[in-house]
Amino acid sequence: MPESALSDLTLETCTSIADIDRDDWRRLAGLSNPFLRYEFFQALETSKCTTEVTGWAPSHLVFRKAGRVVGIAPAFLKNHSMGEYVFDWAWADAYQRHGLDYYPKLLIAIPFTPSAGPRLLLEPELRQQLTPGQIHGLLDTLTEKLGAHSWHLLFPDSNDQKLLQHDHELHRLGCQFHWHNHGYQNFEDFLAALNSRKRKSIRKERRQVAEQGISFARFHGRDISDHVLSAFYVFYQATYLKRGQRPYLNKQFFERLLEQLPEHVHIVMAVREGEMIAGALFLAGEDTLYGRYWGCLDEYNHLHFETCYYQGIELAMDLGLSHIDAGAQGEHKLVRGFEPVITHSWHGIRHPGFREAIENFTHEEAEHVLGYFEDAKSVLPFRQQEQD
């Protein structure tokens with residue numbers, strides 16, 4: 001793209017979703033991905049989950065040409081690294097040991113959500129014209145203007161990866177475990193694709209959950225009562241409190257999410273003796289079920305696997321969705337038919353010395369991640385993996 005064509009392209013930030021026209025956001029982000037909906041960010045702000053006080057100050061990117069909005073990206077100025085799932089604590093510690101400030105940093109990501117998807121929401125013409133060097137240059141310039149020390153773009157989809165792929169930029173890899181529907185019509189079809197040992201193991205787990213007197217109930221959208229949502233929120237809080245942490249999201253966020261985006265929200269509740277004992281909240285996109293939040297008060301054998309994974313698989317198939325993104329970490333997903341996938345992030349580090357050190361680290365880390373990815377594929381529990 002000639003520099004002259006960039007002469008009227010500007011990149012600025014808005015400190016509230018309310019400062020961006022809802023129609024512009026919807027035109028560029030669409031309506032299918034729940035984490036890109038205008039209402040999702042509105043719920044985060046109005047519930048005060050993303051504020052300067054929480055360390056998530058909204059700084060959404062707005063690209064303009066001749067004054068017209070031609071691109072946006074969800075972004076935040078951050079003074080910590082919590083809730084990101086691409087861990088840079090060691091980088092921050094190294095800065096501190098050398099008497100340097102690592103924060104604030106510009107984060108282009110979905111808060112508290114380690115799920116891949118579009119991040120640079122650009123008009124097709126602008127996407128075709130921009131080069132990776134130009135988009136990195138725009139982000140570098142904006143970072144300096146904001147007084148931030150680095151920028152970080154987390155979990156982009158394949159289209160954004162093409163635009164970000166630059167030989168001289170910092171690219172990190174990660175590994176998650178996702179479920180894919182390979183033509184299964186029901187849960188038994190999925191089990192039939194597994195090797196006999198794992199098939200028997202999952203059936204045993206599900207049977208043991210039922211033998212504890214536990215059944216399951218689903219709730220969707222506006223059918224989710226305040227009683228159900230309140231019970232779910234208690235379970236959600238418990239997940240964090242057990243680890244000595246405060247939950248990132250408050251009940252007001254979930255209430256606003258349910259009010260504004262009910263079509264995306266599903267809750268699965270575990271019930272025993274007429275009482276709800278555990279729950280998982282899922283968000284449904286165009287072809288993906290996102291397993292996001294889970295909790296329980298007491299421990300029951302295999303309840304987590306049943307509620308989050310097996311019930312999630314059945315829910316995805318009933319909704320006609322081909323993919324489950326169950327979030328970060330969890331090797332236990334692998335032996336339950338969730339397959340390894342590579343995740344990506346890009347980083348712009350202003351300090352030249354640390355940039356070189358971090359670049360060396362990302363290269364070494366990528367080798368380990370790719371090796372881990374290949375090892376994970378080799379132990380998948382599908383029948384074709386059996387050595388007969």
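See the structure shown above.
Peer 1: Break down the overall build of the protein for me, citing the residues and quoting the values.
Peer 2: Each helix and strand counted, the protein has 13 helices and 15 strands in total. Against the compact-globule benchmark of 21 Å for 388 residues, the protein has a radius of gyration of 22 Å, which places it among compact chains. With the principal axes as the frame, the protein shows a C-alpha extent of 65 × 50 × 45 Å. Excluding contacts between residues fewer than 6 apart, the proportion of contacts in the protein whose partners are at least 24 apart in sequence is 77%. Taken as a whole, the protein presents about 17500 Å² of accessible surface, with 48% of it coming from carbon and sulfur. Charged side chains in the protein number 39 positive and 52 negative. The centres of these two groups are separated by 4 Å.

Peer 1: Any details on the environment of Thr 131? Residues and values, ideally.
Peer 2: Inspection of the secondary structure puts Thr 131 in the loop between α5 (124-129) and α6 (132-146). Judged by relative accessible area, which is 28%, Thr 131 ranks as partly exposed. Sequence separation between Thr 131 and His 166 is 35 residues; the distance between their C-alpha atoms is 9.2 Å.

Peer 1: Explain the sheet that holds strand β7 (residues 121-122) residue by residue, including any values.
Peer 2: Strand order in the open sheet formed by four strands is β1-β3-β4-β7, with antiparallel pairing between adjacent strands. Each edge of the sheet is formed by a strand with only one pairing partner; in this case those strands are β1 (9-14) and β7. Strand direction decides the pairing type here: strand β3 (residues 60-65) and strand β4 (residues 68-73), joined by five bridges, are antiparallel. Bridge pairing in β4 links Lys 65 to Arg 68. Against the sheet, α6 makes contact with β1 and β3, and its axis sits at roughly 45° relative to β1, the strand it touches most.

Peer 1: Can you lay out helix α11 (residues 251-260) for me, pointing to particular residues and giving the numbers?
Peer 2: For α11, the set of buried residues is Lys 251, Phe 253, Phe 254, Leu 257 and Leu 258. Relative to the axis of α11, the buried residues are bounded by an arc of 160° and lie together on one face. Where α11 begins, one side-chain oxygen reaches toward the backbone nitrogen of Gln 252, 3.2 Å away; that side chain belongs to Asn 250.

Peer 1: For the sheet that holds strand β6 (residues 105-108), give the residues involved together with the corresponding values.
Peer 2: The strands making up a sheet associate through backbone hydrogen bonding, with each pair oriented either parallel or antiparallel. The strand order across the open sheet formed by eleven strands is β2-β5-β6-β8-β15-β9-β14-β13-β12-β11-β10, and the pairing between neighbours is mixed. Since the sheet does not close on itself, it has two edges, and those belong to β2 (56-58) and β10 (214-220), each with one partner. Pairwise comparison of adjacent strand axes, ignoring direction, gives a mean angle of 30° for this sheet.

Peer 1: Residue-level account of the side chain of Thr 113, with values.
Peer 2: Turning to its location among the elements, Thr 113 is positioned in the loop between β6 and β7. Among the polar contacts made by the side chain of Thr 113, one reaches the main-chain carbonyl oxygen of Pro 111 at a distance of 2.8 Å. When near neighbours in sequence (up to four residues on either side) are disregarded, Thr 113 contacts Phe 35, Phe 40, Gly 83, Tyr 85, Phe 155 and Arg 292.

Peer 1: Account for the environment of Val 379, naming residues and giving values.
Peer 2: Position of Val 379 relative to the elements: it lies in the segment after α13 (352-378). By relative accessible area, which is 47% here, Val 379 ends up partly exposed. Along the sequence, Val 379 and Val 335 sit 44 residues apart, while their C-alpha atoms lie 7.7 Å from each other.

Peer 1: I'd like to hear about the layout of surface pockets, residue by residue, with values.
Peer 2: By volume, the largest pocket amounts to about 950 Å³. Considering the residues around the largest pocket, the lining is formed by 40 residues, among which Thr 239, Arg 243, Arg 292, Trp 294 and His 304 are closest to the centre. When contributions to the lining of the largest pocket are tallied by element, the ones reaching two or more residues are α10 (226-241), β12 (275-284), β13 (288-296) and α12 (303-319). Its residues assigned to classes, the lining of the largest pocket shows 21 nonpolar, twelve polar and seven charged. In this model, the second largest pocket occupies a volume close to 450 Å³. Lining the second largest pocket are 22 residues, and of these Ser 32, Asn 33, Gly 117, Pro 118 and Asp 157 lie nearest its centre. Mapped onto the lining of the second largest pocket, the elements with two or more residues apiece are α2 (22-29), β7, α5, β13 and β14 (323-325).

What counts, and where the lines are drawn
- Residues numbered from 1 in each chain as written.
- Predicted model: local features only at pLDDT ≥ 70, side-chain atom pairs only at ≥ 80, totals over all residues.
- Heavy atoms only, no water.
- Helix = DSSP H or I, 4+ residues; strand = E, 2+ residues; numbered from the N terminus.
- Rg over C-alpha atoms; globule rule 2.2 N^0.38 Å.
- Contact = heavy atoms within 4.5 Å.
- Areas by Shrake-Rupley, 256 points an atom, 1.4 Å probe, with all protein chains shown as cover.
- Lys, Arg positive; Asp, Glu negative; His and termini not counted.
- Charge placed at Lys NZ, Arg CZ, Asp CG, Glu CD.
- Buried < 20%, exposed > 50% of the residue type's maximum accessible area, 1.4 Å probe, protein only.
- Pairing = 2+ DSSP bridges.
- Axes fitted to C-alpha atoms, helices over the stretch in contact; angles between N-to-C directions.
- Arc of directions from axis to C-beta.
- Polar contact = N/O pair within 3.5 Å; in protein donor to acceptor, adjacent residues only side chain to side chain.
- 1 Å grid on protein atoms, 1.4 Å probe; cavity = no way out; pocket = protein on both sides within 12 Å on 5 of 7 lines; lining within 4 Å.
- Points joined across faces, edges and corners; volume = space filled by probe spheres on them.
- Nonpolar A, V, L, I, M, F, W, Y, C, P; charged D, E, K, R; others polar.

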